[in-house]
Amino acid sequence: MDDFLPIAYFQNQFVPFPEAKLSIATHALHYGTGAFGGLRGILDPQNSNQVLLFRLERHCQRLSQSARYLYYDLPAEKIQKVIIEFVQRNRPQTSFYIRPFVYTSDLGIAPRLHNIETDFFVYGMMFGDYLSPDGVSCRISSWYRQEDRSFPLRGKISGAYITSALAKTEAVKSGFDEAILMNTQGKVCEASGMNIFIVRNGQLITPGFDQDILEGITRDSVITLARDLGIPLVERAVDRSELLIADEAFLCGTAAKVVPIQRVESYELPQQRPLTELLRSKLAAITENREPAYQSWVNVVPLS
Ligand code: PMP
């Protein structure tokens, strides 16, 4: 419990984190009818009186969009306002992670999204590395990513994460760090909570929006950065056979940041990773607000 930030936002007010509790009958707990966000913040290395949040607007916008699948009208501006106040009340002193969540809070049964109560909460925790920044081994999962025709994949819907959980645990139990899921077309899709890029012959390649991926914000940042740096980039379907012999490959997400893939199944990838390293270090500098050209991606929150 120690790593949680002391104040949560719950049922329209700020309360001590241990008091933010739900009933076992909560609808979303049974049916996965929630949607969440996840964003990172750090104490500004140049000014300990302020906190830097990475791409706050975009994260709030995505959560607001996810909420719409649940017929829950929650404007991005409202989420943003709550998150800023949440940070100011908690005054985090190291790097941290914020988890905003919208869900059906009703106590009745029956899967549905109409005639039902909803709620929005926010909590946070101190947060270091999610995966080893040195690199990870990946198993190609026997579980496939859901398809857009059976699931609103552009939302970060909590129920979808059963597939991620199955894939991750299957990978870890068989000695790997992480899982890579294929989509039902048999193309490389993403990891359990990260998007994927490969490098071949100096070109960055990442599955496009027609490949059942989550619209990752780190992915979007990497694409923008690569284009600005003049790195050739294409969004297209990626075959498993390309991944196995890639010159470089990496996973990216809010929690993981940019993490190199060292090995896929029994195939070792090269240890020299110039593009991965360039993008990783640029992104790290941006999140610390050391790149003036990307200041608009960093939300500065004064603590007093
Ligand atoms: N895919 C999935 C399934 C995820 O859960 C995440 C984490 N939100 C990502 C990709 C990466 O998204 P982002 O960069 O927005 O964190």
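Just so it is clear, the model here is predicted, and its values are computed rather than measured.

### Concerning the overall build of the protein chain
Within the protein chain one finds 7 helices and 17 strands. Against the 2.2 N^0.38 benchmark of 19 Å for 304 residues, the protein chain shows a C-alpha radius of gyration of 19 Å, consistent with a compact globule. When the backbone C-alpha atoms are referred to their principal axes, the protein chain occupies close to 55 × 50 × 30 Å. Scored against the burial criterion, the 304 residues of the protein chain give a buried share of 44%. When contacts within the protein chain are restricted to residue pairs at least 6 apart in sequence, long-range pairs at least 24 apart make up 70% of them.

### A look at the site of the ligand
Close contacts around the ligand come from 14 residues, with G216, I217, T218, G253 and T254 the closest. Of the residues in the shell around the ligand, the class split is 3 nonpolar, 8 polar and 3 charged.

### Observations concerning the domain arrangement of the protein chain
Each assigned domain of the protein chain is listed with its residue range as follows: domain 1 (7-126) and domain 2 (136-287). For domain 1 and domain 2, the distance between their C-alpha centres works out to 25 Å. Counting residues at the interface gives 22 residues for domain 1 and 13 residues for domain 2. Of all elements in the fold, only α1 (27-31), β3 (34-36), β4 (39-43), β5 (50-54) and α2 (56-69) reach the threshold of two or more residues within the side of domain 1 that touches domain 2. Looking at the side of domain 1 that touches domain 2, the element that brings in the most residues is α2, giving 6 residues. Classifying every residue of the side of domain 1 that touches domain 2 gives 10 nonpolar, 8 polar and 4 charged.

### A closer look at the pairing of β5
Extensive coverage of β5 is indicated by the burial of 4 of its 5 residues. Bridge count between β4 and β5: 3 bridges; the pairing is antiparallel. Residue pairing across strands places L43 opposite V51, the latter belonging to β5. Counted along the chain from β4 to the antiparallel partner β5, the turn is 6 residues long.

### So, the pairing of strand β8 (residues 136-140)
Pairing of β8 with strand β15 (residues 257-264), which is carried by 3 bridges, proceeds in the parallel orientation. Its bridge partner being in β15, V136 is matched across the sheet by I261. Traced from β8 through helix α4 (residues 161-173) to strand β9 (residues 178-182), the parallel crossover comes out right-handed.

### A few points about α2
The end-to-end C-alpha distance of α2, which contains 14 residues, comes to 21 Å, matching closely the 20 Å that a straight helix rising 1.5 Å per residue would cover. Taken as a whole, α2 has its buried residues at L56, H59, C60, R62, L63, S64, S66 and A67. Backbone geometry just downstream of α2 places Y71 in the positive-phi region, at approximately 60 degrees.

### A word on the nonpolar core
Formed by 78 residues in total, the largest nonpolar core has its most connected members in V102, F197, A249 and L251. Of the residues that make up this core, three or more belong to each of domain 1 (7-126) and domain 2 (136-287).

### Details of α4
Taking 1.5 Å per residue, 13 residues should reach 18 Å; α4 reaches 18 Å between its end C-alpha atoms and fits that length. Buried residues along α4 sit against β8 and β9. Positive phi shows up at G175, right after α4, with a value of about 95 degrees.

### Structural notes on the environment of H59
Considering the arrangement of structural elements, one finds H59 in helix α2. In this view, H59 contacts G37, L39 and I217; residues no more than four positions away in its chain are not counted.

### Notes on unusual backbone geometry
Even without glycine at this site, A110 takes up a positive phi of about 100 degrees. For E265, which is not glycine, the phi torsion reads 50 degrees and is therefore positive. Mapped onto the fold, E265 is located in the loop between β15 and β16 (267-268). With 13 C-beta atoms counted inside 10 Å, the residue E265 sits in the partly exposed group.

### Things to note about the packing of helix α5 (residues 217-228) against helix α7 (residues 274-287)
As a packed pair, α5 and α7 sit with axes 11 Å apart at the nearest point and diverge in direction by 110 degrees. By the angle between their directions, the pair α5 and α7 is classed as roughly perpendicular. Contact residues: α5 offers S221, V222, L225 and A226, while α7 offers L279, K282 and L283. In terms of residue class, the contact of α5 with α7 is built from 5 nonpolar, 1 polar and 1 charged.

Analysis parameters
Residues numbered from 1 in each chain as written. Predicted model: local features only at pLDDT ≥ 70, side-chain atom pairs only at ≥ 80, totals over all residues. Helix = DSSP H or I, 4+ residues; strand = E, 2+ residues; numbered from the N terminus. Rg over C-alpha atoms; globule rule 2.2 N^0.38 Å. Buried ≥ 20, exposed ≤ 12 C-beta atoms within 10 Å, placed from the backbone. Contact = placed C-beta atoms within 7 Å. Near = placed C-beta within 6 Å. Nonpolar A, V, L, I, M, F, W, Y, C, P; charged D, E, K, R; others polar. Domains from an automatic or database assignment. Pairing = 2+ DSSP bridges. Right-handed = clockwise from strand over helix to strand, strands pointing away. Expected span 1.5 Å × (residues − 1). Core = buried A, V, L, I, M, F, W, Y, C linked by C-beta atoms within 7 Å. Axes fitted to C-alpha atoms, helices over the stretch in contact; angles between N-to-C directions. Parallel < 35°, antiparallel > 145°, perpendicular 65-115°, else oblique.

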